[in-house]
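# Structure at a glance
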Amino acid sequence: MEEWEEKDSLFLLESWARDGLTEAQIAGNMGISARTLLNWKKKSVPIFLSLKRGKEVSDYEVENALYKSALEGNVTAMIFWLKNRRPDKWRDKQESKVDLTGAVRIVDSIGDGD
């Protein structure tokens, strides 16, 4: 694990994460299992932070591209953005809440009459 905590190795981990590799792919590149990488992330703050930084950069770039695409009129991007940012208004399946307390009282009162 120590060799992956060196500056050049940490930069490589961050680069792989920024390029969009999954942690399983990164572990494969490192020659270890995904489970070992998970354990190393728990034990090593530098490894954890390198992977986190790399992912954040890519995520921000994609978010910005999606936002720009939606503003430019890309309907698919608009739908995706709204469904994820405003699910209360834009999800396909709206949740309905039914209040059954009145029905329970009616059933209880019918039962009382027996």
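Preceding this section is the structure that the text describes.
Rules behind the numbers
- Residues numbered from 1 in each chain as written.
- Predicted model: local features only at pLDDT ≥ 70, side-chain atom pairs only at ≥ 80, totals over all residues.
- Heavy atoms only, no water.
- Buried < 20%, exposed > 50% of the residue type's maximum accessible area, 1.4 Å probe, protein only.
- Helix = DSSP H or I, 4+ residues; strand = E, 2+ residues; numbered from the N terminus.
- Arc of directions from axis to C-beta.
- Contact = heavy atoms within 4.5 Å.
- Core = buried A, V, L, I, M, F, W, Y, C linked by side-chain atoms within 4.5 Å.
- Phe/Tyr/Trp six-rings, centres within 6.5 Å; stacked < 30°, edge-to-face > 60°.
- Polar contact = N/O pair within 3.5 Å; in protein donor to acceptor, adjacent residues only side chain to side chain.

So, on to helix 2 (residues 23-30). Within helix 2 the residues assigned to the buried category are I26, A27 and M30. Buried residues along helix 2 cover an arc of 100 degrees about the axis, so they all sit on one side. Considering only its buried residues, helix 2 is in contact with helix 1 (7-18), helix 3 (34-43) and helix 4 (45-71). Looking one or two places after helix 2, you find G31, whose phi comes out positive at around 80 degrees.

If you look at the biggest cluster of nonpolar residues, it comprises 13 residues, and the most contacted ones within it are W4, L13, I26, M30, L37, I47 and L51. In terms of residue count, helix 1 provides more of this core than any other element does, four residues in total. With residues up to four places along the chain from it excluded, the contact list for W4 reads S9, L10, L12, L13, W16, M30, W40 and I47.

Applying the stated criterion across every chain, the model contains two aromatic pairs. For the pair W4 and W16, a centre-to-centre distance of 6.1 Å together with 45 degrees between the ring planes defines the contact as tilted. Highlighted residues: W4 in the segment before helix 1 and W16 in helix 1, separated in sequence by 12 residues. Just as W4 is buried, W16 falls in that class too.

On to the side chain of K41, then. Locating K41 in the fold gives a position in helix 3. Overall, K41 belongs to the buried group, its relative accessible area being 17%. Within the structure, K41 has its side chain in polar contact with the side chain of E23 (distance 2.8 Å). The residues contacting K41, other than those within four sequence positions of it, are E23, I47, F48 and L51.

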